[in-house]
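Okay, here's what each chain looks like letter by letter:
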Amino acid sequence: TELADFMIRDIVLMKLQSVGLRGAKNLMPNQLSGGMARRVALARAIALDPELIMYDEPFTGLDPIARGVIVKLVSDLNKALGITTILVSHDVKEALSIADYIYVIASGKIIGQGAPEKLREDKNPEVQQFLRGLPDGVVPFHYPAIDYTQDLLS
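### Topic: helix H6 (residues 125-132)
- Taken together, the buried positions of H6 are occupied by Val127, Gln128, Gln129 and Leu131.
- The inward-facing, buried residues of H6 contact helix H4 (92-98), strand E4 (109-114) and helix H5 (116-120).
- Of the residues trailing H6, Gly133 is marked for its positive phi of about 65°.

In structure tokens:
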């Protein structure tokens, strides 16, 4: 950007405030926890007021508190800034809690889509297995194999 230094400072402070880290403005990256680093990344992403933010697995590797903070920030910032958010996640509970519209993808195809309430009622057993995290169902627990007895005898 070609903004004056004082303007950049004010924007940085404002964005850090929005993610709850204005008080950490002087910390170096190696002094940040994983959750704090994600929040700083989010502050950087919104620094120039984008119309769209894309997240790829934003909740992965976070402890429950940090995960809750990031879920809240994504939701709150999306509403406050009026931006469009595309979020890729395997964290079904979190995605369902903040998304307006969801696509469920399996084997490279969309198998379900809609508002969270609609997906919870979807009759597709694969969609339900994914949403509920069921270990067996349409996607089987056992990898296809010959009969077990035959395998032992061969």
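There's more to say after this.
### Comments concerning the packing of helix H2 (residues 34-46) against helix H3 (residues 64-81)
- Packing of H2 against H3 leaves a shortest axis separation of 10 Å and a crossing angle of 15°. Taken as axis vectors, H2 and H3 run roughly parallel relative to one another. Here H2 runs over H3; the crossing is right-handed. Together, Gly35, Arg38, Arg39, Leu42 and Ile46 of H2 and Ala66, Val69, Ile70, Leu73, Leu77 and Leu81 of H3 make up the contact between the two elements.

### Looking at the nonpolar core
- Counting 18 residues, the largest nonpolar core has Val19 and Leu42 as its most contacted members.
- Residue assignment for this core shows that the elements contributing at least two residues are H2, strand E1 (52-56) and H3.
- Among the elements that line this core, the one with the most residues is H3, at 6 residues.
- Within the second largest apolar cluster, 9 residues are counted, among which are Leu96, Ile102, Ala106 and Val127.

Cut-offs applied
Counting of residues starts from 1 at the beginning of each chain's written sequence and follows it residue by residue. It should be noted that, the model being predicted, local features are given only for residues of pLDDT at least 70 and side-chain atom pairs only at 80 or more, the latter also being counted only at that level, while totals for whole chains, interfaces and linings use all residues. Note that water and hydrogens are dropped before the side-chain values are worked out from all heavy atoms of the structure. Classification of residues uses two cut-offs on accessible area relative to the type maximum, computed with a 1.4 Å probe and protein chains only: under 20% is buried, over 50% is exposed, and between them is partly exposed. Counting from the N terminus, the helices are the DSSP runs of H or I reaching at least four residues and the strands are the DSSP runs of E reaching at least two. By definition, residues are in contact when any of their heavy atoms lie within 4.5 Å. To get an axis, fit a line to the C-alpha atoms, keeping to the stretch in contact for a helix; angles then go from 0 to 180 degrees between the N-to-C directions. Here is the rule for angles: anything less than 35 degrees is roughly parallel, anything more than 145 is roughly antiparallel, 65 through 115 is roughly perpendicular, and the remaining ranges are oblique. By convention, the crossing between two helices is left-handed when the near helix turns anticlockwise from the far helix through less than a right angle, and right-handed when the turn is clockwise. The definition of a nonpolar core used throughout is a set of buried Ala, Val, Leu, Ile, Met, Phe, Trp, Tyr and Cys residues joined through side-chain atoms within 4.5 Å.

Any functional reading would require information that these geometric values do not contain.
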